[in-house]
Amino acid sequence: MYDKKITLSNGVEIPQLGLGTWLVEDEDVAEVVKNAIDIGYRHIDSAQAYGNERGVGEGIRKSGVPREELFIVSKVAAEIKTYEEAKKSIDESLEKMQLDYLDLMIIHSPQPWALVGQSDDRFFEGNREVWKALEEAYKDGKLKAIGVSNFVFEDIENILEVAEIKPMINQICIHIGNTWMDLINYCKDKDMAVEAYSPIAHGNILNDERISEIAARYNVSVAQLCIKYLLQLDLIPLPKTLNPDHMKSNTEVDFEISDEDMEVLKNL
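A brief look at the structure comes next. This structure is a prediction, so every number in the text was calculated from the model and none was measured.

1. Let's talk about the pattern of salt bridges
Next up, step 1: Tallied over the entire structure, the rule returns 18 salt bridges.
Next up, step 2: Of the charged contacts in the structure, one is a salt bridge between Arg128 and Glu161, with a shortest N-O distance of 2.8 Å. Separated by 33 residues along the polypeptide, Arg128 in helix α4 (residues 124–139) and Glu161 in the loop between α5 (153–160) and β8 (169–173) bring together distant segments of the chain.
Next up, step 3: A relative accessible area of 23% places Arg128 in the partly exposed class.
Next up, step 4: Salt bridges sharing partners connect three or more residues here, namely Asp26, Arg54, Glu58 and Lys62.

2. Some thoughts on unusual backbone geometry
Next up, step 1: Phi is positive for His202, which is not a glycine, with a value near 55°.
Next up, step 2: Mapped onto the secondary structure, His202 falls in the loop between β9 (193–197) and α7 (209–217).
Next up, step 3: Located in the positive-phi region is Asn219, a residue other than glycine, with phi close to 60°.
Next up, step 4: If you trace the backbone, Asn219 turns up in the loop between α7 and α8 (222–232).
Next up, step 5: The exposure class assigned to Asn219 is exposed, which follows from its relative accessible area of 72%.

3. Here we look at the sheet that holds β9
Next up, step 1: On the basis of which strands lie adjacent, the open sheet formed by eight strands has the order β3-β4-β5-β6-β7-β8-β9-β10 and parallel pairing. The sheet terminates laterally at β3 (19–20) and β10 (236–238), the two strands that pair on one side only.
Next up, step 2: The sheet contact formed by strand β6 (residues 104–107) and strand β7 (residues 146–149) spans three bridges and is parallel. When the bridges of β7 are listed, Ile107 appears paired with Val148.

4. Digging into the environment of Pro237
Next up, step 1: Along the chain, Pro237 turns up in strand β10.
Next up, step 2: Residues in contact with Pro237, not counting those within four places in the same chain, are Gln16, Leu17, Gly18, Ala196, Pro199, Ile227, Leu230 and Leu231.

5. Some details on the side chain of Glu195
Next up, step 1: For Glu195, the position within the fold is in strand β9.
Next up, step 2: The side chain of Glu195 sits in the buried core without any salt bridge; Lys75 is the nearest counter-charge, 6.8 Å away.
Next up, step 3: Polar side-chain contacts of Glu195 include one of 2.9 Å to the side chain of Gln171.
Next up, step 4: Ignoring sequence-local partners within four residues, the contact set of Glu195 consists of Ile14, His43, Leu104, Ile106, Ile169, Asn170, Gln171, Ile172, Ile236 and Leu238.

6. Some thoughts on the nonpolar core
Next up, step 1: Counting residues in hydrophobic clusters, the biggest one holds 89 residues, and the most contacted among them are Leu134 and Leu225.
Next up, step 2: In terms of residues, this core owes the most to one element, α8, which gives eight residues.
Next up, step 3: Once residues lying within four places of it in the same chain are set aside, the contact partners of Leu134 are Val76, Ile90, Met105, Ile107, Leu143, Ile146 and Gly147.

7. Considering the packing of aromatic side chains
Next up, step 1: For the coordinates displayed, the defined rule picks out three aromatic pairs.
Next up, step 2: Centre to centre, the rings of Phe153 and Trp180 are 6.0 Å apart; their planes meet at 80°, and the pair counts as edge-to-face. Linking Phe153 in helix α5 with Trp180 in the loop between β8 and α6 (181–189), this pair joins segments that are 27 residues apart in sequence.
Next up, step 3: Residue classification places Phe153 among the partly exposed residues on the basis of a relative accessible area of 30%.
Next up, step 4: Take Trp180: its relative accessible area is 41%, and that puts it in the partly exposed class.
Next up, step 5: Relative to Phe255, the ring of Tyr218 lies with its centre 5.9 Å away and its plane at 40°, an arrangement referred to as tilted. One end of the pair, Tyr218, is in the loop between α7 and α8; the other, Phe255, is in the loop between α9 (244–249) and α10 (259–266), with 37 residues separating them in the sequence.
Next up, step 6: Look at Phe255 and you get buried, because its relative accessible area is 13%.

Each value, and the rule that gives it
Residues numbered from 1 in each chain as written. Predicted model: local features only at pLDDT ≥ 70, side-chain atom pairs only at ≥ 80, totals over all residues. Heavy atoms only, no water. Salt bridge = Lys/Arg side-chain N within 4 Å of Asp/Glu carboxyl O. Helix = DSSP H or I, 4+ residues; strand = E, 2+ residues; numbered from the N terminus. Buried < 20%, exposed > 50% of the residue type's maximum accessible area, 1.4 Å probe, protein only. Pairing = 2+ DSSP bridges. Contact = heavy atoms within 4.5 Å. Lys, Arg positive; Asp, Glu negative; His and termini not counted. Polar contact = N/O pair within 3.5 Å; in protein donor to acceptor, adjacent residues only side chain to side chain. Core = buried A, V, L, I, M, F, W, Y, C linked by side-chain atoms within 4.5 Å. Phe/Tyr/Trp six-rings, centres within 6.5 Å; stacked < 30°, edge-to-face > 60°.

Here is the structure:
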């Protein structure tokens, strides 16, 4: 089991390999989370928009692992852009999960999902309002760390201009074939760790012959290569699977990708 941790800018440690729960139904997710924790996962990623926070909380309780040993994440829905709504939603997430605190809460997207790619409005003022609610919940001990997701340069700058507490994380879509090094390096320069969701490109990557050839050289699966690639970039991958065998194999990444192959993969 890969069990390394990354220390965030506020000193909080985050397990570098997490389990994603996007598109896992609320009635199924408790079993998925329990299985993952049994295998050794200690970092579980959820969101208000996933509609499965209740089930994630149930899975945590079923696992029997002490709460303080787990790192639990949720996200303020992308459509929420006022302080009052954000504040209320944070409390609702804690209530649904039956938790006293979350280890990390992030803004799911700078724009409501319906407007992504359809509008130039980056909701600067609304994101500042939500950030204020996150800062307040952080100070109250409801959240151990706060951050953003799907934020690009201008969105992050907008928060940094007014932030009393700086974002500790940006969660973005990163995988082989989509390695946004400019944004990754920018985040690191701002003391923000970077989480990588969809590390296996929603499964599309599994049929890529070039990647399969490299994986075969290391005698690993394409999924294992994809995850290890992100770990070697000091990112925090969040692979998602409901299959316990795949969950386990995703943690078996005790090999090293050569510098040459890393360069090839970066430039695909």
